[in-house]
Amino acid sequence: MTIAQAQISRNAAMPPTDGLAPDVVLDMHMTYALFLIMDHRTTQATQVVDDMIYNDEPYPTTPPLYNAWLWVARMTLLIGEEAWPLALGSAENALSQLASIPGKKSEDFMALLVAILYNLAMVHNAVGDNSRASKELTKAQQLLERLVKKNEARFSAMLLYAVEASTDIIQSRTKQMNVLAHYQTIIDTYTSMLAEGKECDTRRALTQLVDTLRQQGEIMLQMGNSRNAVKYYTKALRYQKKLNEPLGLRDLTLSIGLAKALMRLINRRAAAEQLLTSLLPLARKQGASNEVIEIENLLNNKTKNYNIMTLLKGIF
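The rules behind the values
- Residues numbered from 1 in each chain as written.
- Predicted model: local features only at pLDDT ≥ 70, side-chain atom pairs only at ≥ 80, totals over all residues.
- Heavy atoms only, no water.
- Helix = DSSP H or I, 4+ residues; strand = E, 2+ residues; numbered from the N terminus.
- Contact = heavy atoms within 4.5 Å.
- Phe/Tyr/Trp six-rings, centres within 6.5 Å; stacked < 30°, edge-to-face > 60°.
- Buried < 20%, exposed > 50% of the residue type's maximum accessible area, 1.4 Å probe, protein only.
- Expected span 1.5 Å × (residues − 1).
- Salt bridge = Lys/Arg side-chain N within 4 Å of Asp/Glu carboxyl O.
- Core = buried A, V, L, I, M, F, W, Y, C linked by side-chain atoms within 4.5 Å.
- Patch = residues over 30% accessible without salt bridge, like charges linked within 9 Å, V, L, I, M, F, W, Y side chains within 5 Å.
- Areas by Shrake-Rupley, 256 points an atom, 1.4 Å probe, with all protein chains shown as cover.
- Lys, Arg positive; Asp, Glu negative; His and termini not counted.
- Charge placed at Lys NZ, Arg CZ, Asp CG, Glu CD.

With respect to the secondary-structure elements, Gln 208 resides in helix α11 (residues 201-223). Distance from Gln 208 to Leu 279, taken between C-alpha atoms, is 24 Å for residues 71 residues apart in sequence. Those residues within four positions of Gln 208 in sequence are excluded, and the remaining contacts are Tyr 161 and Glu 164.

Pasting the structure below:
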């Protein structure tokens, strides 16, 4: 299988299977399907997955766990096509396969159950059934919390993705922040591997979480909800630091966003001004001309707004 995986990655094609045992051939096809999905070759992936699901000839004794994975894979591909009813049908078939498995507490079983719940949350959120989607995502997060404690290397990235999805699916801003607060310690603990220089899916998941928190901060600013904007930007910066990257444009734009939110809070304007002043040398050093202009404009507007308020108070 090690040789087969290397050949699939190198050639993007199935290696020869002549003379191999049926179980080895099955594993090779599963590996090939996964490669195609991960490589975003959706048309080929759909064909391979469908062939494995519907053709009895090459795979007469596919284990239920494998069949469940294939239906989850098919569900994921259908979600990408926004084929919501068909995706729900795949979820039903995947759950039927899981129901026939005796050992329902194994990592593989629980991982597939989490994947189904996560996908169901995506589907139900897309079709407007937000209440159901929130419950499914919450259950997925709870199961992942248990799995991460047993195997952090395998499940930490999945937990980050599930927590990140809260900002899309859970509509209440208060509940969103509660989810982020609840998992903050776990996220801090299981991103420690990044500090040790270990590259894994966790880095990609954490980067996506940072981007999502930044987007939520921008939305809050546009809505005039400066306090929540501060919370989202603060968390985004906290997790950005966990990536242990040199200070760059992402840190700069996040910090400017935080400063803009702070500036709209009367008791935090001094802190906003200090932050912007400290960011100006960094922006110049990085050659970020647009950000330099934005910072200077914010600082100048702060002075103008102060003068305007002083004059208005004098008149009234």
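Another aspect to go through is the packing of aromatic side chains. If you walk through the whole model with that rule in mind, you get one aromatic pair. For the ring pair Tyr 54 and Trp 71, a centre distance of 6.0 Å and an interplane angle of 90° mean the geometry is edge-to-face. In this pair, Tyr 54 sits in helix α3 (residues 42-54) while Trp 71 sits in helix α4 (residues 64-80), placing the two residues 17 residues apart along the sequence. Tyr 54 sits in the partly exposed class, given a relative accessible area of 48%.

Between the first and last C-alpha of α4 there are 24 Å, a value that for 17 residues agrees with the 24 Å anticipated at 1.5 Å per step. Every buried residue belonging to α4 is among Asn 67, Ala 68, Leu 70, Trp 71, Val 72, Ala 73, Arg 74, Met 75, Leu 77, Leu 78 and Ile 79, and all of these are buried. On the buried face of α4, the contacting elements are α2 (22-38), α3, α5 (84-99) and α6 (107-126).

A few words now on the pattern of salt bridges. Applying the stated criterion to the full structure yields 10 salt bridges. Close ionic contact of Arg 41 with Asp 39 constitutes a salt bridge, the shortest N to O distance being 2.5 Å. Its relative accessible area of 30% is what places Arg 41 among the partly exposed residues. Given the relative accessible area of 35%, Asp 39 is considered partly exposed. Look at the salt bridges and you will find they share partners, linking Glu 107, Asp 108 and Arg 154 into a network.

With that settled, consider the environment of Ser 255. With respect to the helices, strands and loops of the structure, Ser 255 is situated in helix α13 (residues 249-263). For Ser 255, a relative accessible area of 10% puts it in the buried group. Excluding anything up to four places from it in sequence, Ser 255 contacts Leu 237, Leu 275 and Leu 279.

This brings us to the nonpolar core. Membership of the largest hydrophobic core comes to 94 residues, with the highest contact counts inside it found for Ile 187 and Ile 295. Of all the elements, α6 adds the most residues to this core, at 10 residues. Ile 295 has contacts with Leu 252, Ile 256, Leu 276, Leu 279, Leu 280 and Ala 283, leaving out every residue within four places of it along the chain.

Glancing now at the side chain of Gln 141. Within the secondary structure layout, Gln 141 lies in helix α7 (residues 130-150). Each residue touching Gln 141, except ones within four places of it in the same chain, is listed here: Leu 159, Ala 162, Val 163, Ser 166, Val 179 and Tyr 183.

Okay, a positive patch on the surface next. Together, Lys 105, Lys 139, Arg 146 and Lys 150 make up a region of like positive charge exposed at the surface. Given a relative accessible area of 51%, Arg 146 falls into the exposed group.

This brings us to unusual backbone geometry. The backbone of Ala 12 sits at a positive phi, close to 55°, despite the residue not being glycine. Relative to the helices and strands, Ala 12 resides in the loop between α1 (2-11) and α2. Under the relative-accessibility criterion, Ala 12 is labelled buried at 17%. Phi is positive for His 40, which is not a glycine, with a value near 60°.

With that settled, the discussion passes to α7. Here α7 is 21 residues long and its end C-alpha atoms lie 31 Å apart, about the 30 Å a rise of 1.5 Å per residue gives. Taken together, the buried positions of α7 are occupied by Asn 130, Ala 133, Ser 134, Glu 136, Leu 137, Ala 140, Gln 141, Leu 143, Leu 144, Glu 145, Leu 147 and Val 148.

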